[in-house]
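Okay, here's what each chain looks like letter by letter:
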Amino acid sequence: MIVLTFTLVLFLGAAIAGLIGSLTGLGGGVVLIPLLTLVFKVDIHYAIGTSLISVIATSSGAAAAYVKEGITNIRLGMFLELATTIGAIMGAVLAKYVSTSGIAIVFGVMLLISALTSFIQHDDEIDNKSSSRLSNWLQLNTTYPTETGPRSYVVKNVAGGFAMMNVAGILSGLLGIGSGALKVIAMDRIMRIPFKVSTTTSNFMIGVTAAASAGIYLKAGYIDPGLSMPVVLGVLLGAFIGSKILFRAQTRVLKFLFAIIIFVLAVEMIYNGITHKL
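Predicted, not measured: the structure shown is a model, and the values here were computed from it.

Student: It is not clear to me how the overall build of the chain should be interpreted in this structure. Could you clarify?
Tutor: Helix and strand content of the chain: 11 helices and 2 strands. Helices (α) and strands (β) of the chain occur, in sequence order from the N terminus, as α-α-α-α-α-α-β-β-α-α-α-α-α. Contacts in the chain between residues far apart in sequence, at least 24 positions, make up 82% of those at least 6 positions apart. With an accessible surface of roughly 12,000 Å², the chain has 68% of that area assigned to carbon and sulfur atoms.

Here's what the structure looks like:
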């Protein structure tokens, strides 16, 4: 495959990854890493380094649009970034001591759990009657825009969400995916905030989380400019398109898309990790 063809195919793949990452809050890495490792046979450490750069680009491209729309809970995102940043540094250091097959299996298992969790149905009605004392003290409760006007919501289980964000940060540094999947689950299921607020706040956070661990990968030599350049341009394009779609998209459709994509990729990564093909 000539360099130009490789660059164009990688750009198109990154654009699709950026679109998916923007719509679901995943950050695009869950598509990019399997694309690079399974299709282009790139070493998983270099794939992770490239993914971290793309995660930063996705966050920058989508987060600005979501903040402008008023969907993102900025106060909540900045508070939870304390946990994810510490975890990201821990995960990046840990990645040096884990085999590529081990990373692939952990990657797949984490995505598989996320996919299965997404299929579990729960009441989408927002309960504004009970709010935690910590969320009141931090002033995390706010509103988000809908087609029928602003809708208020409260943030619950702040401590539980903070703990899950630390785990998400560790996996972000270890796997290079921004851990948008765990962040969305933490906010949607544990903290019980609306799904669109979860995805947009996740997009707001993942850039900071990825930046915390990207420096360690850069120092180790795992970030290749030849891979990163088309990926960054592609995910920015995809993230921009996704930000225009999300506001009018149906939550159930996004959840189904979220679950199907990561389930398929999870099975692929686990299989290739067990068979030592990565």
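Student: Before we go on, may I ask you to explain the side chain of T50 in this structure?
Tutor: With respect to the element layout, T50 can be found in helix 3 (residues 44-69). Judged by relative accessible area, which is 0%, T50 ranks as buried.

Student: Teacher, can you tell me more about the packing of aromatic side chains here?
Tutor: Applying the stated rule across the entire model yields 5 aromatic pairs. On the basis of an interplanar angle of 90 degrees and a centroid distance of 5.4 Å, the ring pair of Y46 and Y222 is categorised as edge-to-face. Of this pair, Y46 sits in helix 3 while Y222 is found in the loop between helix 9 (195-220) and helix 10 (225-246), placing the two residues 176 residues apart along the sequence. Using a relative accessible area of 25% as the deciding quantity, one classes Y222 as partly exposed. Among the aromatic side chains, those forming a connected cluster through ring pairs are Y46, Y217 and Y222.

Student: What is the right way to look at the packing of helix 4 (residues 74-94) against helix 7 (residues 158-175) in this model?
Tutor: When two helices pack together, their arrangement is captured by the angle between the axes and the distance separating the axes. Running from N to C, helix 4 and helix 7 cross one another at 30 degrees; their axes reach a closest spacing of 6 Å. Between helix 4 and helix 7 the crossing geometry is right-handed. The residues of helix 7 that touch helix 4, namely those facing F79, L80, L82, A83, T84, I86, G87, A88, M90, G91, A92 and L94, are V158, G161, F162, M165, N166, G169, I170, G173 and L174. For the contact of helix 4 with helix 7, the class distribution of residues is 14 nonpolar, 7 polar and no charged.

Student: Help me out: how do you make sense of the environment of V167 in this one?
Tutor: Relative to the elements of secondary structure, V167 occurs in helix 7. Look at V167 and you get partly exposed, because its relative accessible area is 39%. Each C-alpha atom of the pair V167 and G91 lies 9.2 Å from the other, and the pair is 76 residues apart in sequence.

Student: Help me understand unusual backbone geometry in this model?
Tutor: Only a minority of non-glycine residues have a phi that is not negative, and only a minority of peptide bonds are not trans. Positive phi, normally seen in glycine, also occurs at K41, with a value near 55 degrees. Looking at the element boundaries, K41 is found in the loop between helix 2 (29-39) and helix 3. The backbone of N157 shows a phi angle near 45 degrees, a positive value even though the residue is not glycine. Within the secondary structure layout, N157 lies in the loop between strand 2 (151-153) and helix 7. We classify N157 as partly exposed; its relative accessible area is 45%.

Student: Sorry, what's going on with the packing of helix 4 against helix 9 here?
Tutor: For the pair helix 4 and helix 9, the least separation of the axes is 8 Å and the interaxial angle reads 25 degrees. Classified by the interaxial angle, the pair formed by helix 4 and helix 9 is roughly parallel. Helix-helix and strand crossings are classified by hand; for helix 4 and helix 9 the assignment is right-handed. Residue-level contacts link I74, G77, M78, L80, E81, T84, T85, A88, I89, A92 and V93 of helix 4 to T201, F204, M205, V208, T209, A212, S213, I216 and Y217 of helix 9. Classifying every residue of the contact of helix 4 with helix 9 by side-chain character gives 13 nonpolar, 6 polar and 1 charged.

Student: Would you mind showing me how to read the environment of G176 here?
Tutor: Its location among the elements puts G176 in the loop between helix 7 and helix 8 (180-190). Considered as a pair, G176 and Y217 are 41 residues apart in the sequence and their alpha carbons are 9.6 Å apart.

Student: I would appreciate a short explanation of helix 7 in the present structure.
Tutor: Because an α-helix packs 3.6 residues into every turn, residues spaced three or four apart end up facing the same way. Along its 18 residues, helix 7 runs 25 Å from first to last C-alpha, staying within 8% of the 26 Å computed at 1.5 Å per residue. If you check which residues of helix 7 are buried, you get V158, G161, M165, A168, G169, L171, S172, G173, L174 and L175. The first or second residue beyond helix 7 is G176, which carries a positive phi of 70 degrees.

Student: What exactly am I supposed to notice about the side chain of S228 here?
Tutor: With respect to the helices, strands and loops of the structure, S228 is situated in helix 10. Setting aside anything within four residues of it in sequence, one finds S228 in contact with T50, I53 and I223.

Conventions adopted
Residues numbered from 1 in each chain as written. Predicted model: local features only at pLDDT ≥ 70, side-chain atom pairs only at ≥ 80, totals over all residues. Heavy atoms only, no water. Helix = DSSP H or I, 4+ residues; strand = E, 2+ residues; numbered from the N terminus. Contact = heavy atoms within 4.5 Å. Areas by Shrake-Rupley, 256 points an atom, 1.4 Å probe, with all protein chains shown as cover. Buried < 20%, exposed > 50% of the residue type's maximum accessible area, 1.4 Å probe, protein only. Phe/Tyr/Trp six-rings, centres within 6.5 Å; stacked < 30°, edge-to-face > 60°. Axes fitted to C-alpha atoms, helices over the stretch in contact; angles between N-to-C directions. Left-handed = near helix turned anticlockwise from the far one by under 90°. Nonpolar A, V, L, I, M, F, W, Y, C, P; charged D, E, K, R; others polar. Parallel < 35°, antiparallel > 145°, perpendicular 65-115°, else oblique. Expected span 1.5 Å × (residues − 1).

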